[in-house]
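Examining the three-dimensional arrangement
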Amino acid sequence: MTRVLFLTTCLFAACQGAVEQKTEIGLAADRGRAIYSDYCASCHGANLSGGQAPSMADSNWEYGGTDDDIRSVINAGIEDVGMPAFGNVLQNDQVSDLVAYIRRGGDGKSTPPTDSVPSVQDQVQIETWADNLEEPWGIHFIGPVTALVTEKTGKLWLVSPDNRVEVKGVPASANVGQGGLLDVAVDPDYATNGWVYLSFAHTSESDPDLLMTKLVRGKIGGASEEPIWTNGQTLFEAKPEHYLKGGRHFGSRITFDKNGYLYFGVGDRGYKDMAQDLTKPNGKIHRIFRDGSIPGDNPFLGIEGAYPSIYSHGNRNPQGTIIHPETQVLWETEHGPKGGDELNAIKSGVNYGWPKISYGRNYDGTVLTPHTALPDMAQPVSQWTPSIAVCGLDVYTGNLFPEWNGHLMAGALAHETVRLIKVEGEAYISEVSLIKDKGRVRDVTTGPDGAIYVALPTKIVRISPKT
Ligand code: HEC
């Protein structure tokens, strides 16, 4: 029934793609939400906790934690303690929907308040690997001790502990507000083809006040003491009329999957409603082939005027995107407004809801949207309120910290932290804080030696086990 209703609210043929992406479980959980507010929230609290009856947001189940246990509590009640029986009130499939909603963690799992996230900083040693850098934004290792590093101010460097050379001739970027030279990544086949990818804030040719995120690739040529950017190609740029004023929300991490696709985000540029508009490039995750061409199975190709590279929409400011090497899940971290920073598992054609749904508020504390969930919009896998200001995301794949293998590593500006996040498939399990109060974190990566490298405001630090 809900599925049919949803289809009729879809104006475009391509919405069908989005419907198919939304799993049965997701739809059931959305239906369960309404039943929960009608019958359960008065005792158990909004969003599964905070009421007089026990929280269902944690994993403590007094009466058994299997789906069947939960069903039978709902149906039969627990007479002596005031949990009513709903067996005569709710249909079987309504109970299933409730279980789906409870299993999803309600409207979205909230991570514990920042102060109570356990720290593992005393288990590691932190040493400076490269200093005297100006706002390093992206790090990507290309050799055992050599990394490509972007500085927000516009320079690309080849950095190793005892040497540093600038790669001359990279495209001009606009170092305005949050804009600048942003991410750097290399082709999965870099060893044979040499392609290096850059994202940056680009100034409109017609008006120096207008900016938008742009993506290019090129190769590093010239002598090793005087490397230069060559073979430059533009892979993505917005239409001239879509360049915008202001220095906010450029998004822009670059990541590759094993099927030849390249993914990157463009933030909403501070124009929040455009995140819902498929004819605008901002507030989106894009997918292209590595040469910039458009995959024939991108989700919005059928919509007139839509950017063909759009892969998902309703994304506020994605400053972390990474394909998990084991599962190929596209993980994304995006900044919320005041509160509501999100960890998402990005899927083709899905609407992540900004600004129609959010766990955050306006910066002045006023309500931005009354909705944290709506039927045709995906929930975050996890969210941080208060915001930690997420920036940079990678997967730990080294052998110095075997227990963290496969964990996400999420950097954060405001909270000056790196969160190690344990995930299973598309599920959030737990997180710890790797470092804290060392400075605003813009990027984090696993080095070839298995250490973790973190970009701080003026340097890159190397994190290894404490000896
Ligand atoms: C009138 C208040 C009230 C309402 C309404 C209510 N519950 Fe409960 N529920 C309770 C109480 C009280 C307990 C805990 C009993 C205890 O602590 O021993 C409970 C326990 C439970 C448990 C078992 C938790 C565990 O730890 O194993 C589940 C599951 C549950 N409720 C689900 C629901 C659902 C779903 C609804 C809505 C359909 C609902 N409840 C409506 C009061 C309520």
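Residues numbered from 1 in each chain as written. Predicted model: local features only at pLDDT ≥ 70, side-chain atom pairs only at ≥ 80, totals over all residues. Heavy atoms only, no water.

In this structure, the second largest pocket encloses a volume near 690 Å³. Among the secondary structure elements, those contributing two or more residues to the lining of the second largest pocket are strand S2 (136–141), strand S6 (181–186), helix H7 (190–193), strand S11 (254–256), strand S15 (318–323), strand S19 (390–395) and strand S23 (443–446). Classifying every residue of the lining of the second largest pocket by side-chain character gives 17 nonpolar, eight polar and seven charged. (1 Å grid on protein atoms, 1.4 Å probe; cavity = no way out; pocket = protein on both sides within 12 Å on 5 of 7 lines; lining within 4 Å. Points joined across faces, edges and corners; volume = space filled by probe spheres on them. Helix = DSSP H or I, 4+ residues; strand = E, 2+ residues; numbered from the N terminus. Nonpolar A, V, L, I, M, F, W, Y, C, P; charged D, E, K, R; others polar.)

Time to look at the coordination of the iron atom of the ligand. Those protein atoms acting as donors to the iron atom of the ligand are His44 (NE2) and Met83 (SD), and they sit at 2.0 to 2.1 Å. Coordination geometry of the iron atom of the ligand: the six donor atoms subtend angles of 87 to 180° at the metal centre, consistent with an arrangement described as octahedral. In this pair, histidine 44 is assigned in helix H4 (residues 41–44) and methionine 83 in the loop between helix H5 (67–76) and helix H6 (92–104), connecting sequence segments 39 residues apart. Here the two residues histidine 44 and methionine 83 agree in accessibility, since each one is buried. (Donors = N, O, S within 2.8 Å, 3.2 Å for Na, K, Ca; no water. Tetrahedral: all angles 85-135°; square planar, octahedral: opposite > 155°, others 65-115°. Buried < 20%, exposed > 50% of the residue type's maximum accessible area, 1.4 Å probe, protein only.)

Moving on: the domain arrangement of the protein chain. Split into domains, the protein chain comes out as domain 1 (2–107) and domain 2 (115–465). On a C-alpha basis, the centres of domain 1 and domain 2 stand 34 Å from each other. (Domains from an automatic or database assignment.)

Bringing the pairing of strand S5 (residues 163–167) into the picture now. Of the pairings in the sheet, the one linking strand S4 (residues 156–160) to S5 comprises five bridges and is antiparallel in character. Bridge pairing links tryptophan 157 to glutamate 166 in S5. Adjacent in sequence and paired antiparallel, S4 and S5 are bridged by two residues. (Pairing = 2+ DSSP bridges.)

We now examine empty space enclosed by the protein. A full pass over the atoms with the stated rule returns one cavity of 30 Å³ or more. For the largest cavity, the calculated volume is near 40 Å³. Residue lining of the largest cavity: Gly314, Arg316, Glu334, His335, Gly336, Pro337, Gly340, Glu342, Tyr352, Trp354, Ile357 and Ser358, and that is the complete set. Per-class residue counts for the lining of the largest cavity are four nonpolar, five polar and three charged.

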